[in-house]
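Overview (structure and organization)
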Amino acid sequence: GAGVSQSPSNKVTEKGKDVELRCDPISGHTALYWYRQSLGQGLEFLIYFQGNSAPDKSGLPSDRFSAERTGGSVSTLTIQRTQQEDSAVYLCASSVRQIGSDTQYFGPGTRLTVL
Amino acid sequence: DAKTTQPTSMDCAEGRAANLPCNHSTISGNEYVYWYRQIHSQGPQYIIHGLKNNETNEMASLIITEDRKSSTLILPHATLRDTAVYYCIVRVSGAGNNRKLIWGLGTSLGVNP
């Protein structure tokens with residue numbers, strides 16, 4: 001079956017521009033997570049969605065970052081007025097909520113480069 | 001901060017078993033141990049997880065000590081395609097909780113021909 005997909009795979013932008021990153025989770029997965037990974041680092045949590053609501057936005061680094069999810073499916077991460085330190089790989093994961101363990105499955109990521 | 005400690009790097013000969021250790025001495029009773037790996041320039045790939053008992057699937061085996069303070073991921077017959085960074089993650093379980101994963105730097109496994 002189809003896994004998590006993300007688009008674009010690569011994005012190069014100029015400092016100060018806005019960017020939108022898209023995530024299509026696995027069908028039926030109600031939980032969706034955004035992480036980012038800077039060069040040579042582990043993943044850093046950004047935001048978590050359960051359905052269309054985001055009960056945990058604690059990882060968003062500044063108010064330039066926002067995310068939404070519509071129809072309990074597709075999610076968009078928006079970065080306004082991009083800065084060079086925003087350059088990273090942005091990863092999306094989805095999972096089925098259930099009592100006990102639930103495994104997050106990751107997309108291939110979007111590599112963002114801010115010049 | 002990550003609740004796990006892993007060696008920075010390890011090497012393994014092709015065809016041999018790769019044993020990757022992880023310390024999680026502060027693990028709580030309801031926290032699972034998850035293993036993911038990340039091959040260069042790809043998204044993380046789920047490998048296996050466990051709570052108390054040892055687990056095995058088609059990819060690997062997970063051995064958890066009785067006190068649950070450490071675990072070992074075993075790749076029984078490593079191949080060159082297993083070269084990757086392996087992450088050990090302790091994650092809270094339970095309905096209604098955010099299941100975010102807190103990542104460390106992992107172990108870079110090199111499989112040599």
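On a predicted model such as this, the values are computed, not experimentally measured, just so you know. Position labels on residues start from 1 in each chain and follow its written sequence. Both sets of labels track the order of writing: A upward for chains, 1 upward for ligands. Totals for whole chains, interfaces and linings use all residues, but because this is a predicted model, local features are given only for residues with pLDDT of at least 70 and pairs of side-chain atoms are given and counted only at 80 or more. The side-chain values count all of the structure's non-hydrogen atoms but skip hydrogen atoms and water molecules.

**As for the overall build of chain B**
To be explicit about the condition: Runs of H or I in DSSP of at least four residues are treated as helices and runs of E of at least two as strands, each being numbered from the N terminus. The globule rule used here is 2.2 Å times the number of residues to the 0.38 power, and the radius of gyration it is set against is calculated over C-alpha atoms. Values of accessible area rely on a 1.4 Å probe in the Shrake-Rupley scheme; residue burial ignores everything except the protein chains shown. When charges are tallied, Lys and Arg are placed among the positive residues and Asp and Glu among the negative ones, while His and the ends of the chain are skipped. Note that the charge is assigned to NZ on lysines, CZ on arginines, CG on aspartates and CD on glutamates.
Counting its regular elements, chain B contains 0 helices and 9 strands. On C-alpha atoms alone, chain B measures out to a radius of gyration of 14 Å, which is about the 13 Å that the 2.2 N^0.38 rule sets for 113 residues. Projected onto its principal axes, the C-alpha coordinates of chain B cover approximately 45 × 30 × 25 Å. For chain B, the exposed area adds up to about 5600 Å²; of that, 48% sits on carbon and sulfur atoms. With 10 positive and 9 negative side-chain charges, chain B shows a spacing of 6 Å between the two charge centroids.

**Topic: the pairing of strand S11 (residues 110-114) of chain A**
All names here are of chain A. Here is the rule: Note on classification: 1.4 Å probe, protein chains only; a residue is buried when its accessible area is under 20% of the maximum for its type, exposed when over 50%, partly exposed between these limits. Only strands that DSSP links by at least two bridges are regarded as paired with each other.
With burial as the criterion, only one face of S11 is covered, namely that bearing Thr 110, Leu 112 and Val 114; the residues Arg 111 and Thr 113 on the opposite face remain uncovered. The sheet contact formed by strand S2 (residues 10-13) and S11 spans 4 bridges and is parallel. Note that in S11 the partner of Lys 11 across the bridge is Leu 112. In the sheet, strand S9 (residues 88-95) pairs with S11 via 3 bridges, with the strands oriented antiparallel. Paired with Ala 88 across the two strands is Leu 112, which belongs to S11.

**Describing the packing of aromatic side chains**
Quick reminder of the rule: Two rings from Phe, Tyr or Trp (for Trp, the six-membered ring) form a pair when their centres are within 6.5 Å of each other. A pair whose planes differ by under 30 degrees is stacked, one over 60 is edge-to-face, and the rest are tilted.
Overall, the coordinates contain 14 aromatic pairs over all chains when judged by the stated rule. Look at Phe 106 of chain A and Trp 103 of chain B: their rings are 5.7 Å apart centre to centre, the planes differ by 85°, and that puts the pair in the edge-to-face class. Of this pair, Phe 106 of chain A sits in strand S10 (residues 105-106) while Trp 103 of chain B sits in the loop between strand S8 (84-92) and strand S9 (107-112), which puts the two residues in different chains. For the pair formed by Phe 106 of chain A and Trp 103 of chain B, the shared burial category is buried. Members of the aromatic cluster, connected to one another through ring pairs, are Tyr 33, Tyr 35, Phe 45, Tyr 48, Tyr 105 and Phe 106 of chain A together with Tyr 32, Tyr 34, Tyr 36, Tyr 46, Tyr 87 and Trp 103 of chain B.

**A few points about the side chain of Thr 78 of chain A**
Residue and element names in this part refer to chain A. Note the following rule: Two residues qualify as a contact provided that any one of their heavy atoms is within 4.5 Å of a heavy atom in the partner residue.
With respect to the secondary-structure elements, Thr 78 resides in strand S8 (residues 75-79). By relative accessible area, which is 17% here, Thr 78 ends up buried. The contact partners of Thr 78, leaving out residues within four places of it in the chain, are Val 19, Glu 20, Arg 64, Phe 65 and Ser 66.

**A closer look at the sheet that holds strand S6 (residues 61-64) of chain B**
Residues and elements named next belong to chain B. Taken in spatial order, the 4 strands of this open sheet run S2-S7-S6-S5, and their pairing is antiparallel. With one partner strand each, in any of the chains shown, strand S2 (18-23) and strand S5 (55-56) form the two edges of the open sheet. Where S6 meets strand S7 (residues 70-75), 4 bridges bridge the pair, whose relative direction is antiparallel. The partner of Ile 64 across the bridge, within S7, is Ser 71.

**Considerations on the sheet that holds S8 of chain A**
Residue and element names in this part refer to chain A. Stated precisely, the cut-off is as follows: The angle between two axes is taken between their N-to-C directions and runs from 0 to 180 degrees, where each axis is a line fitted to C-alpha atoms and a helix contributes only its stretch in contact.
The strand order across the open sheet built from 4 strands is S1-S3-S8-S7, with neighbouring strands paired in antiparallel fashion. What marks the edges here is a single partner per strand, and that holds for strand S1 (5-7) and strand S7 (65-69). Sheet twist, expressed as the average angle between the axes of neighbouring strands with direction ignored, equals 15°. When S1 meets strand S3 (residues 19-24), the two strands line up antiparallel, connected through 3 bridges. Bridge pairing in S3 places Gln 6 opposite Cys 23.

**Observations concerning unusual backbone geometry**
Between Ser 7 of chain A and Pro 8 of chain A the backbone carries a cis peptide bond, its omega angle lying at -10°. With respect to the helices and strands, Pro 8 of chain A occurs in the loop between S1 and S2. In this structure, Arg 81 of chain A takes a positive phi of about 45° despite not being glycine. You can see Arg 81 of chain A is positioned in the loop between S8 and S9. According to the relative accessible area criterion, Arg 81 of chain A is partly exposed, its value standing at 42%. Of note, the phi angle at Ser 41 of chain B is positive, near 65°, even though the residue is not glycine. Within the secondary structure layout, Ser 41 of chain B lies in the loop between strand S3 (31-38) and strand S4 (45-50).

Taken by themselves, the reported measurements are silent on function.
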